[in-house]
Structure formats: C-alpha cells, structure tokens
Amino acid sequence: MRELESGVVDERPVKERFSREFKNPRIKKIKDPLEKIDEKDCVEGLVVEVHRRTCEVRLDPSASLCSAQDDIGRETVTAMYRATTSKALGEFPAVGDRVLLGQVNEDEDSGEGVGSQKYCVVRVLPRKSELKRPGPRDSFRRKLTLAANIDQVVIVASVTQPEFNYGFMDRFLLAANLNNLPFVLVLTKMDLLPNGEADLSDDIRDFMSIVDKVIPVSVKSGVGLERLREELLGKSSVFSGQSGVGKSTLVNALVPGAELETGAVRERDGKGRHTTTSSSLFDFPGGGYVIDTPGIRSIGLADGDDDMDGETLAKIFPGFFEGDLFTCKYSNCKHLKEPGCSVREAVESGKLSRARYASYLRILNSRN
C-alpha cells in the first residue's frame, strides 16, 4: 500500500519470484489494493482464525453472496487482507471480528499464497469490545488485538507449575475493567494441591479477594469443569494466560474437537512452552464461542486511543479503593511519596497487601 501511494509501483504491481539461480521467474499481477468493491455485493462473516497475511472467515448463511451460490451454508473460506482495510483499521483483523468479504477472483482458491484467494476482507465492522496486547516496536503496529467482540475475559492461572504471576494477572484485570468486560479467574491444576484450596498461596488468596468470579478446576479429576461450562454457555469468551498453565488442555476438555497442542512445563525454569501460536475461535457446545489465544507474557493497557497515564492508573488500580472511591488527599497522587496517600497508609497498616502495591509499582514503572 505504501509503495503504491508513493508511486514506486504501477497501478497493477507485478510480483516476481526467482529460483536460487535467478532463472525462470514466476510473474504474477497483484490486485490493485485501491480497487473499489461495492459493499452491496459483499458477504458478511466471522473471523475464526488469523494468519500472517490471510484469515479464515466463516460465512453467514443469510448473506447476499451466500444466497447467490449453491447453499454453502456456514462455509469457512480463506480471505486475504486488503491494504486499505488494514490501513483504515490500523492493524490486521482479529479473531471474533465481523467482516465484509468481497470476491476478487472468479476461480476457487489456488493455494499459491497471498493474492490467489477468492475473497478479500473489504471492511471490518465496528467492534463492541476488544482485548489488546503490545505489538512489534514499529510505527505501524504498536498494539495487536487478541480478540474482538467478546463478552467476558477468562484468565487461566495455575496454582503451581508455573507459579502464580501477580503482575500478569493485574494487567489482564485492568484491561478487562477498561473495556467493561467481566473477569473470570480460572485456577487450574488443583489436583497438585494435597489439601485443595487450603493450600493456595497468599498471593492467590489476595488476588481472589478483588475479583468477582473464581473457578478452581482440575482437568485430571474433573473438579470445577461443570461450573465453568455453565459460565461459558451462550457467551463469547476469550481464554488467555501464561504459557504452561494448562489453558490448551482446559479448552480441549471443554470443546470436543478442538484438539489443541499441549506441552509440559520446562523443568529447568518452571516456565511453560508456547504451544498455541495464534488465536482461534471454537463453537462452544450448547451455544457461544471460546477464543483461545497464545500464552503471552504481557498485555497492553490503553485508555481510549492513547496509552493510559500514571495518574489514571493510580485512580483505577484494582483493590486500592473500596467502591472505587479515590480517597487520597491530592487528586494527582501516584502513591509514591505524596503526603496524605491513603494507599501507602493501607499498605503500612496491613489492610492492603505489599504484593498488590509492588504489582502496581511494576506496571507504573513499565509505562515510562
């Protein structure tokens, strides 16, 4: 898209691929990214999986393009991104997005790479919600959307192997709060605790006190799975968590046919191996969707279109104020050295755990 706008390439750019000996070039014309496609001829669909330059889209059976063909029903097709679509959105489409697809080739997909697909994404429809994470450090993709149009955030954490990560959980809780999304904490590997919930660490107990829903589960014994199924029924839920916490194993137990790859925790450092490499959407039995996302180490925090500043973080950090009522003496208090800080007073008196305060400081310092 940038090359076309700068005049470096022609209106119909040509793609050349040479052999290692630079012989027998394969020349192929690429579709003009500015070519207009009438939206009335487009078909609406749901993005169920995203790849580097294409995405899998489940077509709606009631869409106009579907009715013009031979009852393709809920067919899933591969569609390439249009340059104009990614530019307008500021990023690539995400799993859970509702999109409009236009037909760019008369033939079926040839499977020879980008540009050979029959469909392209013309427009991404407005999102009702989204969950973002940091993207590559460049000027084009500063943040990436893990999932779109979701009803709740389900964060999976293990009670041990690997250990509970307080700061990681706080970031997800903040992201859910900023998007007005319900937060569900699922504690896995309960079978590894001899005395059950009585053996939970102080950090886990402290975090449980500030969230509305906590569901301890064990895929091995089946404990808690039925309660979790009831919580997921009829909703679009995004599953996320650090590598090694048993997220893929849990999704496999809840969604027949998911068949996600699983892996054991590394013995040398107790950390998980990445087994999920991209987000995927699955139909949940009885209604609803489960969106499985890759195990990640961090998540971006944004307030609207801009990064959330330190003062906003200080006012909304989970667990600092009862009823979310800011009680510090000064409105711009960041809970560092300011006089009349009710947060530091609560930490000194033991009313607020030092783990929560330390987690806040780590997130605050990471924004600089």
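Residues numbered from 1 in each chain as written. Predicted model: local features only at pLDDT ≥ 70, side-chain atom pairs only at ≥ 80, totals over all residues. Heavy atoms only, no water.

Caption draft 1: Just unusual backbone geometry, in detail. Here the amide bond leading from Gln161 into Pro162 is cis, since omega sits at 0°, within 30 degrees of zero. Locating Pro162 in the fold gives a position in the loop between strand E10 (152-158) and helix H4 (166-178). If you check the backbone angles, Asp324 has positive phi at about 55° while not being a glycine. Of note, Asp324 is situated in the loop between helix H8 (310-316) and helix H9 (342-349). With phi around 65°, His335 is a residue other than glycine that occupies positive phi space. For His335, the position within the fold is in the loop between H8 and H9. His335 gets classed as buried once you look at its relative accessible area, which sits at 0%. (Helix = DSSP H or I, 4+ residues; strand = E, 2+ residues; numbered from the N terminus. Buried < 20%, exposed > 50% of the residue type's maximum accessible area, 1.4 Å probe, protein only.)

Caption draft 2: Quick peek at the packing of H4 against helix H10 (residues 354-366). Contact geometry for H4 and H10: axes closest at 9 Å, N-to-C directions at 70°. Accordingly, the angle class assigned to the pair H4 and H10 is roughly perpendicular. Packed against H4, whose contacting residues are Tyr166, Gly167, Asp170, Arg171 and Leu174, the element H10 presents Ala355, Arg356, Ser359, Arg362, Ile363 and Ser366 at the interface. (Axes fitted to C-alpha atoms, helices over the stretch in contact; angles between N-to-C directions. Parallel < 35°, antiparallel > 145°, perpendicular 65-115°, else oblique. Contact = heavy atoms within 4.5 Å.)

Caption draft 3: Seen up close, the pattern of salt bridges. One pass over the structure, following the stated rule, counts 13 salt bridges. A salt bridge links Asp170 to Arg356, with the shortest nitrogen-to-oxygen separation between them at 2.9 Å. Here Arg356 lies in helix H10 and Asp170 lies in helix H4, a separation of 186 residues in the sequence. Here Asp170 matches Arg356 in class, with each residue buried. Note that Arg354 and Glu348 form a salt bridge whose closest N and O atoms lie 3.8 Å from each other. As far as burial versus exposure is concerned, Arg354 and Glu348 are alike and both exposed. When salt bridges that share partners are traced, they join Glu44, Asp60 and Arg98 into one network. (Salt bridge = Lys/Arg side-chain N within 4 Å of Asp/Glu carboxyl O.)

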